Amino acid sequence: MRLDYRLVLIACVSACAPMLPEAPPVVARAEPAPPRPAEATSAQERPYSTDAAGFEGWKQGFLNRKGGARREAYARQLDGLSPDPDVIRLDGNQPEFSRPAGAYISNAASATRIAQARQRLDVVPASVVQRFGVPAEILVSIWGNESSFGAVQGDKDVIRSLATLAYEGRRRDWAEGQLKDALDIVIDGRRDRSGLLGSWAGAMGQTQFMPDNYLRLGVDQNGDGRVDIWGSDADALASAANLLAQAGWKRDQRWGYEIVLPQGFDYALAEAEGRPWSFWAQRGVSLAQGGAPTTAEAAEAGIILLPQGARGPAFLALPNHYVIRRYNNAVTYALAIGLTADGAIGRPGLVGTWPNDGPLSREQRFGAQTALARAGYDVGGIDGVIGSGTRRALRAWQLANGRTPDGYLTAALADELMRGM
């Protein structure tokens, strides 16, 4: 299981482009800006240079741009640093986008993970739940998925990782901002440089916070005068709760429900405008476990999600689903968190079954996006991430070509799109 946890950790520090038109996300970890117009390929498609002179040139530019009064202090921390080739290799390697939803969610919300989360519900301080309004089951689910409950936090030098991402340049503005914050953490004495460790993307601690959110949202829950998201369960969990609360968590509401769609359902309504439960109920949608949402939930603008298309389970996503996605902006991640949390408090598992689809290769993801764009469908950037823009474009293509408009890209459909280029 330890290997699985490491794979999940890599997934949780993914570089995800925003999926929905909403307020700027308060993300815990790496969320890159969209690709620049001239940039139609990923970092993996470009040769990675470890040229020392080039890195030194970037470093001097960074110090000129960001150093200010702390230029010399920053320079001392960066002295002798070299780029890390592993960081670029891992950048863009996102299981929640390349693997089928069912495979990702079944691994991230496994029976073992749910049992472990259930055992740790009492670790969450009651005062944290009361103060921030985020249920203990959601917090332990995030804790488990981010770091296997603190066991796998990442062992890379955060400053080196962020300097590498900034030098590589695909997300330079974002990475330089995070690097500046990481340097400030060390210079201000909040964390020793030797202990500022995390993932390849710079995410830190048991709940994998990026440096900016550590500075803004970190909570000293145990009252020892410092925010220790590495060694203190209480600090890590309270910090995660604070992030979700600041992102708009709605007390006493669930993240969503599994639903059953009727025959003849208009799949073009999925992942579109949010509607109250009465709208969906009138169209024959029902909860998979029976019953109905609470009065407060029924009034919310629920959105139907089909993470593996018309053949897979369907979900009604409520506002708290999108709050979870402010932590990691991937549909599959947020569903895995919600389903793990449900299982931890004894709610039944899924009624629907996941289709046994194969993964999408990098060539298929990029190729399908390129084909759709050439056909006049706006995918929102050719970046290899099958997010809401690509699904929206695919749904329009499916409608125009007499297919079920579920917006789901299979390997076979990707190959068909590429053949038509």
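Our subject is the structure listed above.
Since this is a predicted model, take the numbers as computed values, not measurements.

Peer 1: Please explain the sheet that holds strand 6 (residues 314-317) as it appears in this structure.
Peer 2: Strand order in the open sheet formed by 4 strands is 4-3-6-5, and the pairing between neighbours is antiparallel. In this open sheet, the two edge strands, each paired with only one partner strand, are strand 4 (286-287) and strand 5 (303-305). Two elements, strand 3 (residues 256-260) and strand 4, share 2 bridges in a ladder whose sense is antiparallel. Bridge assignment links Val 260 to a residue of strand 4, and that residue is Ser 286.

Peer 1: Help me out: how do you make sense of helix 9 (residues 136-147) in this one?
Peer 2: Every α-helix carries 3.6 residues per turn, so stepping three or four residues along brings you back to the same face. The end-to-end C-alpha distance of helix 9 is 16 Å, a good match for the 16 Å that 12 residues give at a rise of 1.5 Å each. Of all 12 residues in helix 9, 12 are buried, a share of seventy percent or more. Within helix 9, the full set of buried residues consists of Ala 136, Glu 137, Ile 138, Leu 139, Val 140, Ser 141, Ile 142, Trp 143, Gly 144, Asn 145, Glu 146 and Ser 147. In the stretch just after helix 9, Ser 148 is the one whose phi turns positive, near 50°.

Peer 1: Quick question: what am I supposed to make of the pattern of salt bridges here?
Peer 2: A pair can form between side chains of opposite charge whenever their charged atoms are brought close. Applying the stated rule across the entire model yields 20 salt bridges. For Asp 84, the salt bridge identified is with Lys 156, shortest N-O distance 2.8 Å. Note that Asp 84 is positioned in the loop between helix 3 (71-78) and helix 4 (85-90) and Lys 156 in strand 1 (residues 156-157), a separation of 72 residues in sequence. Across the salt bridge formed by Glu 273 and Arg 275, the nearest N and O atoms sit 3.5 Å from each other. Residue class for Glu 273 comes out exposed when judged on its relative accessible area of 53%. Residues joined by salt bridges that share partners form a network here, namely Arg 70, Lys 180, Asp 184 and Asp 188.

What counts and what doesn't
Residues numbered from 1 in each chain as written. Predicted model: local features only at pLDDT ≥ 70, side-chain atom pairs only at ≥ 80, totals over all residues. Heavy atoms only, no water. Pairing = 2+ DSSP bridges. Helix = DSSP H or I, 4+ residues; strand = E, 2+ residues; numbered from the N terminus. Expected span 1.5 Å × (residues − 1). Buried < 20%, exposed > 50% of the residue type's maximum accessible area, 1.4 Å probe, protein only. Salt bridge = Lys/Arg side-chain N within 4 Å of Asp/Glu carboxyl O.

The values reported here are purely geometric and, on their own, carry no functional implication.
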